[in-house]
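Listed below are the residues making up each chain.
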Amino acid sequence: MATEHEAPPRKIVLPDLSRPGIVVPVSRDPNGVLGPTKRQASQAAYRRTSWGLYVPRSVDGMLVEQRIVEAGAALPSHGGVTGWAGLRWQGGKWFGGTAPSGDTHDVWLATNCADVRPQSGFRVSAERLDPRDLTVCDGLPVTTSVRSVVFEMRYATNLRAAVEALDMACYSDLVSLAEVAAYLEDHPGWTGIGQAREALKLGREDSWSPQETQMGLVWQLDAELPRCRFNVPIFDLAGNHLATVDQLDQETGLALEYNGLVHVLGEQRRRDRDREQVLRGVGLQILTLLEGDLPARGLTASRMRDARNQAADSAALDRRWTATPPPWWRDTSTVESRRALSTYDNERLLAHRRLAG
């Protein structure tokens, strides 16, 4: 029985959570059964995750999924984790909750005006919350993928960040552009909806990484060049698959490739060199961007325009490649086509995307 100095036991938080390796915060228990006693909670063996909730200090609170659960434990009965964290919990690979500077992003909780105070590690959105926008994933209440990504798009620091969030949600097949468009049409008055609409115009379902999305935005917004296809399979005229390029301007035959740090060392660098030689050998022109090029938008845009002009001059000369797939090729460039894959075909056909990330 609780003493006058101790709070009575609370209900178990997130009782149905089923994500391996995650520790759910618990409230104090005067009997020390369901949680630490008041004395134990004040000692070094425990740390407080939010008001009245604790985990053992040995639990790594910087792990992304652990951070999400520690924030989600503070949810009221009508609410869910939203934004980047909601997408991550539902399978969004590229939503790591970390800014380019290395700083961590707070987890957002959607609470529909419920009285939950923001605390270290999470923030609270009291916007209206339709019950249909809530779901439970592995025991954690979250907002649906489309609601989560629209939230992230609306409150992104800028348009490019909003487009990146949309593209990466599409990468993980959590949403399609059509689903986001329908949701935006149904919610015309929300804060930031204008930015979300502009991001939708630039969004795509065939980007494999944030860097590819940002490269495409430099191409479109800074170099002011026509929208291109991403991750385009290139074939020789006999129908043999030669390679898949990051971005293709089919009119001029210019391929853009983004090579991050993993591409500059050892065997990967040799593979890239051999691959480029094959593509150039069939008449494809290539512009390769390296890590550090994308922030220098003006200079990179100028290089893109120059490369396109040079490619245009030789576009009709000896083009021995095609981007038209042979009949046996299985297209996976859209969310719809990827969702339709069987588990076996998903593993077989999309393994290269997972390796690329």
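Our structure is the block above this text.
These numbers were taken from a predicted model, which means no experiment stands behind them.

Q: So what's going on with the overall build of the chain? Which residues, and what values?
A: Each helix and strand in the chain was counted, giving 13 helices and twelve strands. Along the first, second and third principal axes, the C-alpha atoms of the chain reach 90 × 45 × 40 Å. By residue count, 48% of the 357 residues in the chain fall in the buried class. Within the chain, contacts between residues at least 6 apart in sequence are counted, and of these 61% link residues at least 24 apart. Surface summary for the chain: the accessible area is close to 18,100 Å², and the carbon and sulfur share equals 52%. One way to put it: in the chain the 42 positive side-chain charges average out to a point 3 Å from where the 45 negative ones average out.

Q: How would you sum up the sheet that holds strand 10 (residues 254–259)? Please name residues and give values.
A: Pairing is mixed in the open sheet, where five strands are placed in the order 11-10-9-8-12. The sheet is open, and its two borders are formed by strand 11 (285–290) and strand 12 (321–322), each paired with just one other strand. Strand contacts of helix 10 (residues 297–313): strand 9 (241–249), strand 10 and strand 11, with the helix running at about 170 degrees to strand 11, the strand carrying the most contacts.

Q: Any chance you could break down empty space enclosed by the protein for me, citing the residues and the numbers?
A: Regions of empty space are outlined by a rolling probe, equal in size to a water molecule, passed over the atoms. Per the stated rule, a full pass over the model turns up one cavity of 30 Å³ or more. Of the voids in this model, the largest cavity is the one considered here, and its volume is about 30 Å³. In this structure, the largest cavity is lined by Val163, Asp167, Leu202, Arg204, Thr213, Gly216, Leu217, Gln220 and Phe230. Breaking the lining of the largest cavity down by element, the ones donating at least two residues are helix 5 (159–171) and helix 8 (210–222).

Q: Can you break down helix 8 residue by residue, with the values?
A: Relative to the 18 Å expected for 13 residues at 1.5 Å per residue, helix 8 spans 17 Å between its end C-alpha atoms, a close match to the ideal helical length. Immediately downstream of helix 8, the backbone of glutamate 224 shows phi near 55 degrees, a positive value.

Q: Go over the nonpolar core with me, naming the residues and quoting the values.
A: Ranked by internal contacts, the top residues of the largest apolar core, which has 53 residues, are Ile68, Val81, Val107 and Val180. By residue number, the principal contributor to this core is helix 5, which donates eight residues. Contact partners of isoleucine 68, with chain neighbours within four places excluded, come to Val81, Trp84, Ala85, Arg88, Trp89, Val107 and Leu140. With 16 residues, the next largest nonpolar core counts Met215, Ala223, Leu256 and Leu294 among its residues.

Q: Describe the pairing of strand 4 (residues 107–110), listing the residues and the values that go with them.
A: Neither face of strand 4 is exposed, since Val107 and Leu109 on one face and Trp108 and Ala110 on the opposite face are all buried. Here three bridges tie strand 3 (residues 80–82) to strand 4, and the two strands are oriented antiparallel to one another. Its bridge partner lying in strand 4, glycine 80 is registered against alanine 110. As defined by bridge partners, strand 4 adjoins strand 5 (residues 122–125) across four bridges and the pair is classed as parallel. Each bridged residue has a counterpart across the sheet, and for valine 107 the counterpart in strand 5 is phenylalanine 122.

Q: Tell me about the packing of helix 5 against helix 8, and please be specific about residues and values.
A: The contact between helix 5 and helix 8 brings their axes to 10 Å, and the two run at 135 degrees. Judged on the interaxial angle alone, helix 8 and helix 5 are oblique. For the element pair helix 5 and helix 8, the recorded crossing hand is right-handed. Between helix 5, through Arg160, Val163, Glu164, Asp167 and Met168, and helix 8, the contact on the second element is made entirely by Pro210, Thr213, Gln214, Leu217, Val218, Leu221 and Asp222. Residues of the contact of helix 5 with helix 8, tallied by class, amount to six nonpolar, two polar and four charged.

Cut-offs used in this document
- Residues numbered from 1 in each chain as written.
- Predicted model: local features only at pLDDT ≥ 70, side-chain atom pairs only at ≥ 80, totals over all residues.
- Heavy atoms only, no water.
- Helix = DSSP H or I, 4+ residues; strand = E, 2+ residues; numbered from the N terminus.
- Buried < 20%, exposed > 50% of the residue type's maximum accessible area, 1.4 Å probe, protein only.
- Contact = heavy atoms within 4.5 Å.
- Areas by Shrake-Rupley, 256 points an atom, 1.4 Å probe, with all protein chains shown as cover.
- Lys, Arg positive; Asp, Glu negative; His and termini not counted.
- Charge placed at Lys NZ, Arg CZ, Asp CG, Glu CD.
- Pairing = 2+ DSSP bridges.
- Axes fitted to C-alpha atoms, helices over the stretch in contact; angles between N-to-C directions.
- 1 Å grid on protein atoms, 1.4 Å probe; cavity = no way out; pocket = protein on both sides within 12 Å on 5 of 7 lines; lining within 4 Å.
- Points joined across faces, edges and corners; volume = space filled by probe spheres on them.
- Expected span 1.5 Å × (residues − 1).
- Core = buried A, V, L, I, M, F, W, Y, C linked by side-chain atoms within 4.5 Å.
- Parallel < 35°, antiparallel > 145°, perpendicular 65-115°, else oblique.
- Left-handed = near helix turned anticlockwise from the far one by under 90°.
- Nonpolar A, V, L, I, M, F, W, Y, C, P; charged D, E, K, R; others polar.

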